[in-house]
Amino acid sequence: MNWVLTILTAGWLWWQGLQPTWNAHLQVDIWVFWERINYWLVHNHSFAGLTGNEVLPSALLYLFIPAALVPVGSLAYANYLPAAMLVNMVVLAGHWFFYRDKAIFWTCLLALGPILLFRFDGLVTLLMLFGGVAFIKRNYPLSGFFWGLATATKVFPVIVVPYMLLILMAQRNWREMVRFLIGFGEALLLPVIIFVAMGGDMEQVSAALAFHSQKLISIESIPGSWITGWSLLRSGVPPAILPGNGIWAVAGPAELLNRLWIVPVALFYYLVWKRKDLIKQFNWSVVLSLLLVFLAVSKNLNPQYLWWYAAFLPLTKPTKLSWVLTLGVLLLNQLVFPLYYTLFVENFYRQNESHWIFYLLLLRNVGLVAITYLSLKQLFSKPSKRENNP
């Protein structure tokens, strides 16, 4: 039965991904990925001179896998798109083996929709799963390597690394801590070395890192919702919408938010350190709660980012309310992006119409805050045990 339901879920997501209603917005990122690979091909197999690139070296290397599935000489976008979707589907299928409670996995994917077929966030969470399991099995160098690859692909996994270091510190296992950090460092450096060998340079790596820090406050983020809501209350119109660095944004204290997240994350770690039972052994609930805290205060909350925490929900024992809220948040997320995103940008922000779309997004963000609160309450209210570790 598990295999049947998995195949049906995969088939439904694939069908959705082929429909213009969904993929008209979703495939924009795949186009960008194809352009990066095509640039390397047409410039004598070199990334030299590539500008405006926000994809980190590890992710760039991953984007070559779909290209390898396309016949030589046929790397048109129309061929690269289904190949990229297929590779991402296989990556998502890889998550299946880590979960005992597969029902949560299926329902989360169905509620989120086909967006992960068009993004590489599934690769990041899969690497994190490998890294967490390796840590539980006390293979610390391998765990560090997987966690380093995840960080090299998309920076956010680095915020979980101090948790594993706290566990090793509590055990006074200094030797394994060093081995973990060596594995982590090797995984960070390896993609960069390969990228440089393929014609890239460190200035391009720095530019890709800076690209994201230079983004303004996205309209999907929780701070973006508060700014928009305040503008509606104060003047009856939404704030001016600003394009830039691949997102739609609103004006606000973006530089402050670039650093403000450190405060709640540091407070979270302080509370974890005070609860000695949470650092005796690796606990996926800590990872889940930490990522929720980070998302709640982040200035960017792109639709696929919700998978950053949903991927780890099946490894915990969420309350029924948390599970229901998560499904609701993911469904609202899919409605706003991609289904009604054009109306959201054009009608709501530019014409001050169709306010109901903003309220859907606001409801999603309020739901995410509620899930964060429930997760923290469950984590810190009583001694915690490792839950559903694969």
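Fair warning: this is a prediction, and the values are worked out from it, not measured in the lab.

J.: Before we move on, can you summarise the overall build of the protein with the specific residues and values?
T.: When its secondary structure is counted, the protein shows 19 helices and three strands. The C-alpha radius of gyration of the protein comes to 21 Å, within 12% of the 21 Å expected for a compact globule of 390 residues. Its C-alpha atoms give the protein principal-axis dimensions of about 55 × 55 × 50 Å. Of all 390 residues assigned to the protein, the portion counted as buried reaches 55%. For the protein, contacts bridging at least 24 residues in sequence account for 78% of all contacts bridging at least 6. For the protein, the exposed surface amounts to about 17,000 Å²; the carbon and sulfur share of it is 68%. If you average the places of the 26 positive and of the 15 negative side-chain charges in the protein, the two averages end up 15 Å apart.

J.: With reference to specific residues and values, describe the pattern of salt bridges.
T.: In this structure the tally under the stated criterion is nine salt bridges. Residue E176 pairs with R179 through a salt bridge whose shortest N-O separation is 3.1 Å. With E176 and R179 both in helix α10 (residues 174–197) and three residues apart, this pair spans about one turn of that helix. R179 gets classed as partly exposed once you look at its relative accessible area, which sits at 34%.

J.: Got a sec to walk through the sheet that holds strand β1 (residues 217–218)? Specific residues and values, please.
T.: Strand order in the open sheet formed by three strands is β1-β3-β2, and the pairing between neighbours is antiparallel. A single partner strand is all that each edge strand has here, and the edge strands are β1 and β2 (242–244). Strand direction decides the pairing type here: β2 and strand β3 (residues 247–250), joined by three bridges, are antiparallel. Across the sheet, residue G244 finds its bridge partner in β3, namely I247.

J.: I'd love a proper account of the pairing of β3, names of residues and values included.
T.: Where β1 meets β3, two bridges bridge the pair, whose relative direction is antiparallel. Residue pairing for β3: I217 is matched across the bridge by V250. Where β2 hands over to β3, the hairpin turn is made up of two residues, of which N245 adopts a positive phi near 50°.

J.: So what about the nonpolar core? Which residues, and what values?
T.: In this structure, Y80, W307 and F344 are the most contacted members of the largest nonpolar core, which totals 131 residues. Among the elements that make up this core, the one with the highest residue count is helix α15 (residues 284–297) (11 residues). Once you skip the residues sitting within four places of it in the chain, W307 turns out to touch L92, H95, F105, C108, L109, L112, L116, D121, G122 and T125.

J.: Describe unusual backbone geometry, listing the residues and the values that go with them.
T.: Cis geometry marks the peptide bond from F337 to P338, where omega comes out at 15°. Here P338 is to be found in helix α17 (residues 320–339). Although it is not a glycine, N352 adopts a positive phi angle of roughly 55°. Checked against the element boundaries, N352 lands in the loop between α18 (341–351) and α19 (355–380).

J.: An account of the side chain of T228 is requested, with residue identities and associated values reported.
T.: Looking at the element boundaries, T228 is found in helix α12 (residues 222–235). On the basis of relative accessibility, which here comes to 0%, the residue T228 falls in the buried class. With near-sequence residues (within four places) excluded, T228 lies in contact with P238, P239, V250, F348, Y349 and F358.

J.: Tell me what's going on with the side chain of R275, and back it up with residues and numbers.
T.: You can see R275 is positioned in the loop between α14 (262–274) and α15. A polar contact is formed between the side chain of R275 and the backbone oxygen of F380, at a distance of 2.9 Å.

J.: So what's going on with the environment of F282? Which residues, and what values?
T.: Here F282 lies in the loop between α14 and α15. Along the sequence, F282 and S74 sit 208 residues apart, while their C-alpha atoms lie 46 Å from each other.

J.: Run through the packing of helix α8 (residues 140–153) against α10, naming residues and quoting values.
T.: Where α8 contacts α10, the two axes come as close as 7 Å, and the packing angle between them is 35°. For the pair α8 and α10, the sense of crossing is right-handed. Only E176, R179, F180, G183, F184, E186, A187, L188, L190 and P191 of α10 make contact with α8, whose side of the interface consists of Y140, P141, S143, G144, F145, W147, G148, L149, T151 and A152. Class assignment for the residues of the contact of α8 with α10 results in 12 nonpolar, five polar and three charged.

The rules behind these values
Residues numbered from 1 in each chain as written. Predicted model: local features only at pLDDT ≥ 70, side-chain atom pairs only at ≥ 80, totals over all residues. Heavy atoms only, no water. Helix = DSSP H or I, 4+ residues; strand = E, 2+ residues; numbered from the N terminus. Rg over C-alpha atoms; globule rule 2.2 N^0.38 Å. Buried < 20%, exposed > 50% of the residue type's maximum accessible area, 1.4 Å probe, protein only. Contact = heavy atoms within 4.5 Å. Areas by Shrake-Rupley, 256 points an atom, 1.4 Å probe, with all protein chains shown as cover. Lys, Arg positive; Asp, Glu negative; His and termini not counted. Charge placed at Lys NZ, Arg CZ, Asp CG, Glu CD. Salt bridge = Lys/Arg side-chain N within 4 Å of Asp/Glu carboxyl O. Pairing = 2+ DSSP bridges. Core = buried A, V, L, I, M, F, W, Y, C linked by side-chain atoms within 4.5 Å. Polar contact = N/O pair within 3.5 Å; in protein donor to acceptor, adjacent residues only side chain to side chain. Axes fitted to C-alpha atoms, helices over the stretch in contact; angles between N-to-C directions. Left-handed = near helix turned anticlockwise from the far one by under 90°. Nonpolar A, V, L, I, M, F, W, Y, C, P; charged D, E, K, R; others polar.

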